[in-house]
Amino acid sequence: MLLYSPRWLFLYPGAALMIWGLIIVVWLLPGTQKIGSISFDVHTLLYGAIAIIIGFQAVTFAFFTKLFAITEKLLPEDPKLNKIFGYVTLETGLIVGVTLILLGIVGSFLSLTICRETAFGSLDPSKTLRVVIPSLTCLTVGLQMVFSSFFLSLLGLKRR
């Protein structure tokens, strides 16, 4: 039954989770934010990053499921999906994925320079994690995008 509704099961919740996570991450990158007497800091930033990662996985699952269901004739061809796959190709996924990986690597090296400033001693977690968390998120989503691009290409082979 789940194969018949990938949009509602994976796509919409995943997209909402990614957007929610991205808003939180962007909001908390400059520093601690307060709403009334409640402070939001790197702990909330981490939850936002995890929301982006899980949301991305859910969105890719939506595409995997939809493509599999169409290939196995469980669902009819979807003109919108065909149009999307005109733009979302293996090469596009690899370029975006590698770009995210490179951003993550640059951020990781930046976090090393922050560590070096203290002679690799005590660090201010709030300062360090504002670089580390987005860097690891970029690395994770970038790698997922590369692997997902290959898998989508494999699923699409039968359709060509």
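Our structure is the block above this text.
Keep in mind that this is a model prediction, so the values were computed, not measured.

Novice: Help me understand the overall build of the chain, please; the structure alone is not making it clear to me.
Specialist: Of regular secondary structure, the chain possesses five helices and two strands. For the chain, the C-alpha atoms occupy an extent of roughly 60 × 35 × 20 Å along the three principal directions. A total of 160 residues make up the chain; the buried ones form 38% of that total. Taking contacts inside the chain between residues at least 6 apart in sequence as the whole, the part at least 24 apart equals 76%. Treating the 12 positive side-chain charges of the chain as one cloud and the 7 negative ones as another, the clouds have centres 6 Å apart.

Novice: Which parts of the structure should I look at to understand the pattern of salt bridges?
Specialist: Two side chains with opposite charge may pair up if their charged atoms get near one another. Here the structure, examined in full by the defined rule, presents four salt bridges. Of the charged contacts in the structure, one is a salt bridge between Asp-78 and Arg-7, with a shortest N-O distance of 3.8 Å. One end of the pair, Asp-78, is in the loop between helix H2 (42-71) and helix H3 (79-87); the other, Arg-7, is in helix H1 (residues 6-28), with 71 residues separating them in the sequence. Classification of Asp-78 as buried rests on a relative accessible area of 12%. A single network of salt bridges, built from pairs that share partners, joins Arg-7, Lys-66 and Asp-78.

Novice: Just checking my understanding: could you explain the packing of aromatic side chains for this structure?
Specialist: The relation between two aromatic rings is expressed through the spacing of the ring centres and the mutual angle of the planes. Overall, the coordinates contain six aromatic pairs when judged by the stated rule. Considering the side-chain rings of Trp-8 and Tyr-12, the 4.6 Å spacing of their centres and the 75 degrees angle between planes classify their relative orientation as edge-to-face. Highlighted residues: Trp-8 and Tyr-12, both in helix H1, separated by four residues, approximately one helical turn. Note on Tyr-12: relative accessible area 37%, which makes it partly exposed. On the numbers, 6.2 Å between centres and 65 degrees between planes, the contact of Phe-63 with Phe-85 is edge-to-face. Remark: Phe-85 occurs in helix H3 and Phe-63 occurs in helix H2; sequence separation between them is 22 residues. One aromatic cluster is present, built from ring pairs that chain together Phe-10, Phe-61, Phe-64 and Phe-151.

Novice: What is the right way to read the side chain of Asp-78 from this model?
Specialist: Among the polar contacts made by the side chain of Asp-78, one reaches the main-chain amide nitrogen of Lys-80 at a distance of 3.0 Å. With residues up to four places along the chain from it excluded, the contact list for Asp-78 reads Arg-7, Lys-66 and Ile-70.

Novice: It is not clear to me how the nonpolar core should be interpreted in this structure. Could you clarify?
Specialist: It is characteristic of soluble globular proteins that their nonpolar side chains tend to be buried jointly. Leu-45 and Val-141 are the most contacted members of the largest nonpolar core, which has 13 residues in total. If you list the elements that add at least two residues to this core, you get H1, H2 and helix H5 (125-157). When residues of this core are assigned to their parent elements, the largest contribution, six residues, is made by H2. Sequence-distant contacts of Val-141, that is, excluding residues within four places in its chain, are made with Ile-52, Ile-53, Phe-56 and Leu-100. One finds Leu-67, Ala-69, Leu-152 and Leu-155 within the second-largest nonpolar core, a separate group that totals nine residues.

Novice: Any chance you could explain unusual backbone geometry here in plain terms?
Specialist: Phi is mostly negative for residues that are not glycine, and the peptide bonds are mostly trans. Despite not being glycine, Lys-73 shows a phi value in the positive range, around 65 degrees. Checked against the element boundaries, Lys-73 lands in the loop between H2 and H3.

Novice: Can you walk me through H1 in this structure?
Specialist: Because each turn of an α-helix spans 3.6 residues, side chains separated by three or four positions in sequence point in the same direction. Compared with an ideal rise of 1.5 Å per residue, which puts 23 residues at 33 Å, H1 spans 32 Å between its outermost C-alpha atoms and is within 8% of the ideal. Residues of H1 that are buried: Pro-6, Gly-14, Gly-21, Ile-24, Val-25 and Leu-28.

Novice: Help me out: how do you make sense of a nonpolar patch on the surface in this one?
Specialist: Among the surface-exposed residues, Val-98, Leu-102, Ile-105, Phe-109, Leu-112 and Phe-120 lie close enough to one another that they form a single nonpolar patch of about 590 Å² accessible area. Within the secondary structure, Leu-102 is located in helix H4 (residues 90-117).

Rules of the game
Residues numbered from 1 in each chain as written. Predicted model: local features only at pLDDT ≥ 70, side-chain atom pairs only at ≥ 80, totals over all residues. Heavy atoms only, no water. Helix = DSSP H or I, 4+ residues; strand = E, 2+ residues; numbered from the N terminus. Buried < 20%, exposed > 50% of the residue type's maximum accessible area, 1.4 Å probe, protein only. Contact = heavy atoms within 4.5 Å. Lys, Arg positive; Asp, Glu negative; His and termini not counted. Charge placed at Lys NZ, Arg CZ, Asp CG, Glu CD. Salt bridge = Lys/Arg side-chain N within 4 Å of Asp/Glu carboxyl O. Phe/Tyr/Trp six-rings, centres within 6.5 Å; stacked < 30°, edge-to-face > 60°. Polar contact = N/O pair within 3.5 Å; in protein donor to acceptor, adjacent residues only side chain to side chain. Core = buried A, V, L, I, M, F, W, Y, C linked by side-chain atoms within 4.5 Å. Expected span 1.5 Å × (residues − 1). Patch = residues over 30% accessible without salt bridge, like charges linked within 9 Å, V, L, I, M, F, W, Y side chains within 5 Å. Areas by Shrake-Rupley, 256 points an atom, 1.4 Å probe, with all protein chains shown as cover.

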